[in-house]
Amino acid sequence: MPLFQTAVFTTTVADLRDLPTDSQYEVAFAGRSNAGKSSAINTLANHTRLAFVSKTPGRTQHLNYFRLEEGKYFVDLPGYGFAKAPEEIRDQWEGLLAPYLRYREALCGLVLIMDSRHPLTELDLQMLGWFAPTGKPIHVLLTKADKLSRQQQVLTLREVRTVLTGIGGNCTQQLFSSLKKSGVQEAEAVLGAWLGLASREERPPPTGLAGEKTARPKKRNAIGWSARRPCSSGKG
């Protein structure tokens, strides 16, 4: 079962004074408008419309909270970089984003969404500059990776890794595709560790399925059910 499948929308915050008081761990999602941020959240939560996917970039203007379990949240931050947004809205975004990223104590890490075809824009680098001084981890999801060839994926990942290495040792990166559902387990491992959430990976079924016909051993002391070992879950 997907690790974040229990996510539910709880509240929208337009003023930092209204941030949830019960929050202990938050993972924030930021990214340039149209980079695939809402789609990434929906994919991680195994939900089609948890985070609103708008055809109008810049629609998300507030902090949207999604509860994973008691005291633990995903936070969808306003998309940035939409040139047609009115100046007062852009100012509002900056008034929310910069203080939240710098000073929110419950925030345990930032997921920075970049379109893998157009990574490391000026605004992406500005976001990294806002957040890196906190010393908290940053994980870059390079979305829409299915639109790149394998060679292009390798080159993009290498380029982003080089830039992040220059920023600090607390940055990681990966390729991700909401369309192909690729990169989900890798992201779950990183974000689950930040949030202190145990893996919910399902155990594989036993080798002998219930409906499968097998020959019974004639002797009771032959290898039977009591001598079989359970299958490994795949994770230690």
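Residues numbered from 1 in each chain as written. Predicted model: local features only at pLDDT ≥ 70, side-chain atom pairs only at ≥ 80, totals over all residues. Heavy atoms only, no water.

Undergrad: Run through the environment of Tyr80, naming residues and quoting values.
TA: Note that Tyr80 resides in the loop between strand 4 (72–76) and helix 2 (87–103). Between the C-alpha atoms of Tyr80 and Leu123, which are 43 residues apart in sequence, the distance is 7.6 Å. Looking at Tyr80, its side chain comes within polar contact range of the side chain of Asp124, at 2.7 Å. (Helix = DSSP H or I, 4+ residues; strand = E, 2+ residues; numbered from the N terminus. Polar contact = N/O pair within 3.5 Å; in protein donor to acceptor, adjacent residues only side chain to side chain.)

Undergrad: Describe the nonpolar core, naming the residues involved and giving the relevant values.
TA: Counting 33 residues, the largest nonpolar core has Leu63, Leu77, Tyr100, Leu101 and Met127 as its most contacted members. Top element by residues in this core is helix 2. It accounts for five residues. In this structure Tyr100 touches Leu16, Leu19, Glu26, Ala28, Leu63, Tyr65, Val75, Leu77 and Leu107, once residues within four positions along its chain are discounted. Among the nonpolar cores identified, the runner-up in size contains 26 residues, and Leu44, Ala45, Ala51 and Ala187 belong to it. (Core = buried A, V, L, I, M, F, W, Y, C linked by side-chain atoms within 4.5 Å. Buried < 20%, exposed > 50% of the residue type's maximum accessible area, 1.4 Å probe, protein only. Contact = heavy atoms within 4.5 Å.)

Undergrad: Let's hear about the environment of Ala28: which residues, and what values?
TA: Inspection of the secondary structure assignment puts Ala28 in strand 2 (residues 25–31). With 83 residues separating them along the chain, Ala28 and Val111 place their C-alpha atoms 6.0 Å apart. Not counting residues up to four positions away in its chain, the partners in contact with Ala28 are Val75, Leu77, Tyr100, Leu107, Gly109, Leu110 and Val111.

Undergrad: Describe the sheet that holds strand 4, and please don't skip the residues or the numbers.
TA: Taken in spatial order, the seven strands line up as 1-3-4-2-5-6-7 in an open sheet, and their pairing is mixed. On the outer flanks of this sheet lie strand 1 (8–13) and strand 7 (171–175), each paired with one strand and no other. Each strand of the sheet is rotated relative to its neighbour by a mean of 25°, with strand direction disregarded. Two elements, strand 3 (residues 63–69) and strand 4, share five bridges in a ladder whose sense is antiparallel. Note on strand 4: the bridge partner recorded for Asn64 is Asp76. Each of strand 2, strand 4, strand 5 (107–115) and strand 6 (138–143) touches helix 1 (residues 37–44); the most contacted strand, strand 2, lies at about 140° to it. Relative to strand 5, helix 3 (residues 122–131) is tilted by about 170°, and along the sheet it contacts strand 2, strand 5 and strand 6. (Pairing = 2+ DSSP bridges. Axes fitted to C-alpha atoms, helices over the stretch in contact; angles between N-to-C directions.)

Undergrad: Give a description of the pairing of strand 6 that names residues and reports values.
TA: Judged by how many residues are buried, strand 6 sits mostly within the fold: six of six residues are covered. In this structure, strand 5 lies alongside strand 6, joined through six bridges in parallel fashion. Bridge pairing links Val111 to His139 in strand 6. You can see the chain leave strand 5, run along helix 3 and come back into strand 6, and the turn it takes is right-handed. (Right-handed = clockwise from strand over helix to strand, strands pointing away.)

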